[in-house]
Amino acid sequence: MVTGGNRGIGAAVVERFLAGGHKVAALSRGGTAPDGALGIACDVSDAAQVEAAFAAAEAAHGPVGILVANAGITRDGLLLRMSEDAWRQVIDVNLTGSFLVARRAVKSMLRAKWGRIVFTGSVVGLYGNAGQANYTAAKAGLVGLARSLTREYGARGITANVVAPGFITTDMTADLPDDAVAKSLAAIPAGRFGDPAEVAAAVEFLTQAAYVSGAVLPVDGGMGMGH
Ligand code: NDP
């Protein structure tokens, strides 16, 4: 199951798992999905919708063994101008939404004595970013979430990790002003932005690595080194 699987990084993850022979359910508010995946409409910040989405995925494919909690949004602004609504909405989708799908997935993973959870964090979760207090707090929260799950369920065959992308070319980064793009580019040792498929490859690795858990795997061209 991949949340936010209809476009951007999530769609690349869906396509990578389909190519690997997996049955994939892709959740998004719109409910569309790449060809070959089961599209399910679900707002991940709503517990009842998450429950219904798992029921639909299980009916079609059986229990969820691999969860990629990737759905995310931004509502940027400097702290002094950030509304409570902008704070709550980003925390609700990026952090609470990840908690809700992880909590539901762990149930069947415990029964199976096997499970893989990957949260899509961000380089800025540990680095910080002016204008993104809500987003960076949510992404840093995913690190604590993955590490607590690792301690709770590590002995039960379940791993939980965070992939931390840097600047990846998707809809999320499409509308950034030119000066923000130039500033970001200057901070990336690789000298370019990343491709969603490069994040998907790291996600797949984390689902194959039985002895990697509670880790934060950067896919950022070196942007966040040391953080
Ligand atoms: P996109 O904006 O391209 O995609 C976001 C995805 O999340 C869409 O599939 C969207 O589907 C889904 N989504 C948003 N809100 C909800 C919701 N409430 N319930 C269910 N699905 C939702 O972004 P990216 O592909 O770039 O981002 C994917 C993840 O990667 C995010 O968590 C983002 O924070 C993270 N990331 C991205 C980086 C980048 O540079 N692009 C860098 C670091 C991290 P729909 O709108 O149909 O609901």
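Okay, so let's go over this structure. (Residues numbered from 1 in each chain as written. Predicted model: local features only at pLDDT ≥ 70, side-chain atom pairs only at ≥ 80, totals over all residues. Heavy atoms only, no water.)

1. A short note on the environment of Asp-179
- Mapped onto the elements of the fold, Asp-179 is located in helix H7 (residues 178-186).
- You can call Asp-179 exposed: its relative accessible area is 57%. (Helix = DSSP H or I, 4+ residues; strand = E, 2+ residues; numbered from the N terminus. Buried < 20%, exposed > 50% of the residue type's maximum accessible area, 1.4 Å probe, protein only.)

2. Let's talk about the site of the ligand
- Of all residues adjacent to the ligand, which total 29 residues, the nearest are Asn-6, Arg-7, Arg-29, Tyr-135 and Thr-170.
- Contacts to the ligand include Gly-166, whose backbone N or O atom sits 3.2 Å from an oxygen atom.
- A total of 880 Å² of accessible area belongs to the ligand in isolation, and the protein chains cover 95% of it.
- Of all elements in the fold, only helix H1 (8-19), helix H5 (133-153) and helix H6 (171-174) reach the threshold of two or more residues within the shell around the ligand.
- Looking at which element gives the most residues to the shell around the ligand, the answer is H6, with 3 residues.
- Tallied by class, residues from the shell around the ligand come to 11 nonpolar, 13 polar and 5 charged. (Near = heavy atom within 4 Å. Polar contact = N/O pair within 3.5 Å; in protein donor to acceptor, adjacent residues only side chain to side chain. Areas by Shrake-Rupley, 256 points an atom, 1.4 Å probe, with all protein chains shown as cover. Nonpolar A, V, L, I, M, F, W, Y, C, P; charged D, E, K, R; others polar.)

3. Comments concerning the nonpolar core
- Within the largest apolar cluster, 40 residues are counted, with the highest numbers of intra-cluster contacts made by Met-1, Phe-54, Leu-67, Val-101, Ile-117, Phe-119 and Leu-149.
- Within the residue set of this core, elements represented by two or more residues are strand E2 (25-28), helix H2 (47-61), strand E4 (66-69), helix H3 (84-112), strand E5 (115-120), helix H4 (123-127), H5 and strand E6 (158-165).
- Here the element with the most residues in this core is H3; it accounts for 8 residues.
- Residues contacting Val-101, with those up to four places away along its chain left out, are Thr-3, Val-44, Val-50, Phe-54, Leu-67 and Ala-69.
- Counting residues in each nonpolar core, the second largest holds 20 residues, with Val-14, Ile-66, Val-163 and Val-203 among its members. (Core = buried A, V, L, I, M, F, W, Y, C linked by side-chain atoms within 4.5 Å. Contact = heavy atoms within 4.5 Å.)

4. What to know about the pattern of salt bridges
- Within this structure, the stated rule accounts for 7 salt bridges.
- A salt bridge links Arg-88 to Glu-84, with the nearest nitrogen and oxygen atoms 3.9 Å apart. Taken as a pair, Arg-88 and Glu-84 lie in helix H3 at a separation of 4 residues, close to a single helical turn.
- For Glu-84, a relative accessible area of 59% puts it in the exposed group.
- What you see here is one network of salt bridges that share partners, running through Glu-51, Glu-58 and Arg-104. (Salt bridge = Lys/Arg side-chain N within 4 Å of Asp/Glu carboxyl O.)

5. Remarks on unusual backbone geometry
- In this structure, Lys-113 takes a positive phi of about 55° despite not being glycine.
- Taking the relative accessible area as the measure of exposure, Lys-113 reaches 64% and is therefore exposed.

6. A word on the environment of Gly-8
- Assignment of secondary structure puts Gly-8 in helix H1.
- A relative accessible area of 28% means that Gly-8 is categorised as partly exposed.
- Here the alpha-carbon distance between Gly-8 and Ala-197, two residues 189 residues apart in the chain, equals 9.2 Å.
- Ignoring any residue separated from it by four or fewer positions in sequence, one finds Gly-8 in contact with Thr-170 and Pro-196.

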